[in-house]
Amino acid sequence: MHARIGWQNLRTSEFLDNGNYYLITGTDFIDGRIDLKTCHFVAKERYNQDKNIQIKNGSILITKDGTLGKVAYVEGLDKPATLNAGVFNVVILDKNIENQYLFQYLKAPFLMDYVRKRATGGTIKHLNVDFPIIHPSYEEQTKIGAFFKQLDHLITLHQRKCEKLKNIKKSMLEKMFV
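Residues numbered from 1 in each chain as written. Predicted model: local features only at pLDDT ≥ 70, side-chain atom pairs only at ≥ 80, totals over all residues. Heavy atoms only, no water.

### A word on the overall build of the chain
Reasoning step 1: Summing up its helical and strand segments, the chain has 4 helices and 9 strands in all.
Reasoning step 2: Helices and strands appear in the chain in the N-to-C order β-β-β-β-α-β-β-β-β-β-α-α-α.
Reasoning step 3: Looking at the chain as a whole, 37% of its 178 residues are labelled buried.
Reasoning step 4: Intrachain contacts of the chain at a sequence separation of at least 6 include 71% that bridge at least 24 residues.
Reasoning step 5: As displayed, the chain offers around 11,300 Å² of accessible surface, 57% of which is attributable to carbon and sulfur atoms. (Helix = DSSP H or I, 4+ residues; strand = E, 2+ residues; numbered from the N terminus. Buried < 20%, exposed > 50% of the residue type's maximum accessible area, 1.4 Å probe, protein only. Contact = heavy atoms within 4.5 Å. Areas by Shrake-Rupley, 256 points an atom, 1.4 Å probe, with all protein chains shown as cover.)

If you want it as structure tokens, here you go:
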């Protein structure tokens, strides 16, 4: 796990409203994804500062300070990206661990249970990085990861449909009582 370390810390005055290099923070995590519309940007020098926190599509991120244990899978990047403090970039070194499986595993209640039991710090909690990962064969991981990705997609579609129906209901109620 890699993160921006103390001497690399960015000041908010360095956050840009537009640019060529995304800056991903924990506040950009939405339902297991990164909302690129909410991301700030940084200068090229800050992006190039540390290759370990340069993010690409397929990266797995975990919040490590403040709001702990939120997990996101990076997709849809159209520009280079880096991390702000408070976020880990998970780098898989074991070739027997499948990326999508690990993401789904980390999203499961297991991580949050671990976080609640093991977080350190007083007012602002911090995540340690020594949690165990149980994994079946690579082939089974691939199937599990794909299954839960499809399930997440289906849930998102139903949530959108539900939101659309709520808007229709609201509109019809407004028209009915005017």
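We are not done yet, so read on.
### Some remarks on the pairing of strand 9 (residues 87–90)
On any regular strand, side chains alternate: one points to one face of the sheet, the next to the other face.
Reasoning step 1: In strand 9, alternate side chains face the same way, and those of V87 and N89 on one face and F88 and V90 on the other are all buried.
Reasoning step 2: Strand direction decides the pairing type here: strand 6 (residues 60–63) and strand 9, joined by 4 bridges, are antiparallel. Counterpart to L61 in the pairing with strand 9 is N89. (Pairing = 2+ DSSP bridges.)

### Focus: the environment of F110
Reasoning step 1: Among the secondary structure elements, F110 is positioned in helix 3 (residues 109–118).
Reasoning step 2: Taking the C-alpha atoms as reference, F110 lies 9.9 Å from P132; in sequence the two are 22 residues apart.
Reasoning step 3: Dropping the residues within four chain positions of it, F110 is found in contact with Y105 and P132.

### Structural notes on the pattern of salt bridges
Reasoning step 1: Taken as a whole and judged by the stated rule, the model has 6 salt bridges.
Reasoning step 2: A salt bridge links E14 to R46; the nearest nitrogen and oxygen atoms lie 2.7 Å apart. Taken together, the residues span a long stretch of sequence, with E14 in the segment before strand 1 (22–24) and R46 in helix 1 (residues 44–48) at a distance of 32 residues. Across this residue pair, the class does not change: E14 and R46 are buried.
Reasoning step 3: Among the ionic pairs, E75 bridges to R33, the shortest N-O distance being 3.3 Å. Taken together, the positions of E75 in the loop between strand 7 (71–73) and strand 8 (81–83) and R33 in strand 3 (residues 33–34) put the pair 42 residues apart, joining distant regions of the chain. (Salt bridge = Lys/Arg side-chain N within 4 Å of Asp/Glu carboxyl O.)

### Here we look at the layout of surface pockets
Reasoning step 1: Empty space within the largest pocket amounts to approximately 580 Å³.
Reasoning step 2: Together, 18 residues line the largest pocket, and I30, D31, G32, R33 and T156 are the ones closest to its centre.
Reasoning step 3: Listed by contribution, the elements that provide at least two residues to the lining of the largest pocket are strand 3 and helix 4 (138–176).
Reasoning step 4: Element by element, the count of residues in the lining of the largest pocket is highest for helix 4, at 7 residues.
Reasoning step 5: For the lining of the largest pocket, the per-class residue count stands at 5 nonpolar, 4 polar and 9 charged.
Reasoning step 6: Computed from the structure, the second largest pocket encloses a volume of approximately 270 Å³.
Reasoning step 7: K56, V90, V91, I92 and N99 are, among the 17 residues lining the second largest pocket, the residues nearest its centre.
Reasoning step 8: Residue composition of the lining of the second largest pocket, by class: 6 nonpolar, 7 polar and 4 charged. (1 Å grid on protein atoms, 1.4 Å probe; cavity = no way out; pocket = protein on both sides within 12 Å on 5 of 7 lines; lining within 4 Å. Points joined across faces, edges and corners; volume = space filled by probe spheres on them. Nonpolar A, V, L, I, M, F, W, Y, C, P; charged D, E, K, R; others polar.)

Worth remembering: the numbers are spatial, not functional.
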